[in-house]
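# Structural overview for review
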Amino acid sequence: MRMTTLLAGGAALALMAQGAAAEVTKVHEKGLKPYEIVDGVSIPKPLTDKSGDPKRGAKLMVARKKGNCLACHKVVQLNDYPFHGNVGPELSDVASNMQEGEMRLRLVNPKVLNPDTIMPAFYHTEGLHRVKKKFKGKPVLTEQEIEDIIAFLKTLKSSQ
Ligand code: HEC
């Protein structure tokens, strides 16, 4: 039994390496740049050509009207800021546990991963209940802001 499982796993890996097993979903959403979800778990390609700025990312995570991530997540590297929530998992070691593409999908639209999540979709315009007119049809974060936050998340390793 064990052998069979191992072999099957090996075969799946080999297929993935050739790109044959990857299932790509193209997402075209009104007002947003199109992007691709691979195997339902990852957006491997950055949303912009310009690489993210981790310092700006940290500020966006703290800003109440932008990421407001600390309302739900604890991040020891941001301990200069008060009031970290514990609704979501601690992110202080997130770079050891997650690939960049998984972080990107999580920020863009976490409902793809978990339809019942209370984490907001930050790069998504449909089905958003945004009351103020000036925000209508606009995502909470721009594509560059998403990349800035990912650049910061990639620095979060608690062993350092
Ligand atoms: C309203 C609460 C809330 C806010 C605000 C929020 N999150 Fe989350 N987040 C969650 C919850 C709850 C989960 C657990 C997974 C789930 O619900 O599917 C999660 C999961 C995550 C994960 C996956 C962590 C893991 O170990 O699996 C990452 C990364 C993440 N959030 C980053 C962020 C960032 C960055 C922001 C700000 C831009 C943010 N979150 C804002 C609630 C929130």
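Structure: see above.
Residues numbered from 1 in each chain as written. Predicted model: local features only at pLDDT ≥ 70, side-chain atom pairs only at ≥ 80, totals over all residues. Heavy atoms only, no water.

Turning our attention to helix 2 (residues 54-62). Among the residues making up helix 2, those that are buried are Gly-57, Ala-58, Leu-60, Met-61 and Val-62. Elements that come into contact with the buried residues of helix 2 comprise helix 5 (143-153). With a side-chain oxygen lying 2.9 Å from the backbone nitrogen of Lys-55, the N-terminal cap of helix 2 falls on Asp-53. (Buried < 20%, exposed > 50% of the residue type's maximum accessible area, 1.4 Å probe, protein only. Helix = DSSP H or I, 4+ residues; strand = E, 2+ residues; numbered from the N terminus. Contact = heavy atoms within 4.5 Å. Polar contact = N/O pair within 3.5 Å; in protein donor to acceptor, adjacent residues only side chain to side chain.)

As a further point, take the packing of helix 2 against helix 5. One way to put it is that helix 2 packs onto helix 5 with a least axis distance of 7 Å and a crossing angle of 100 degrees. If you check the angle between helix 2 and helix 5, you find them roughly perpendicular. Contact with helix 2, carried on its side by Pro-54, Arg-56, Gly-57, Ala-58, Leu-60 and Met-61, involves Gln-144, Glu-145, Asp-148, Ile-149, Ala-151, Phe-152 and Leu-153 of helix 5 and no other residues of that element. Grouping the amino acids of the contact of helix 2 with helix 5 by side-chain chemistry returns eight nonpolar, two polar and three charged. (Axes fitted to C-alpha atoms, helices over the stretch in contact; angles between N-to-C directions. Parallel < 35°, antiparallel > 145°, perpendicular 65-115°, else oblique. Nonpolar A, V, L, I, M, F, W, Y, C, P; charged D, E, K, R; others polar.)

What follows covers the coordination of the iron atom of the ligand. Those donors, His-73 (NE2) and Met-119 (SD), are the protein atoms that reach the iron atom of the ligand, and they lie 2.0 to 2.2 Å from it. In this structure, the iron atom of the ligand is surrounded by six donor atoms whose angles at the metal cover 87 to 178 degrees, and the resulting shape is octahedral. One end of the pair, His-73, is in the loop between helix 2 and helix 3 (94-97); the other, Met-119, is in the loop between helix 4 (100-108) and helix 5, with 46 residues separating them in the sequence. Each member of the pair, His-73 as well as Met-119, carries the same accessibility label: buried. (Donors = N, O, S within 2.8 Å, 3.2 Å for Na, K, Ca; no water. Tetrahedral: all angles 85-135°; square planar, octahedral: opposite > 155°, others 65-115°.)

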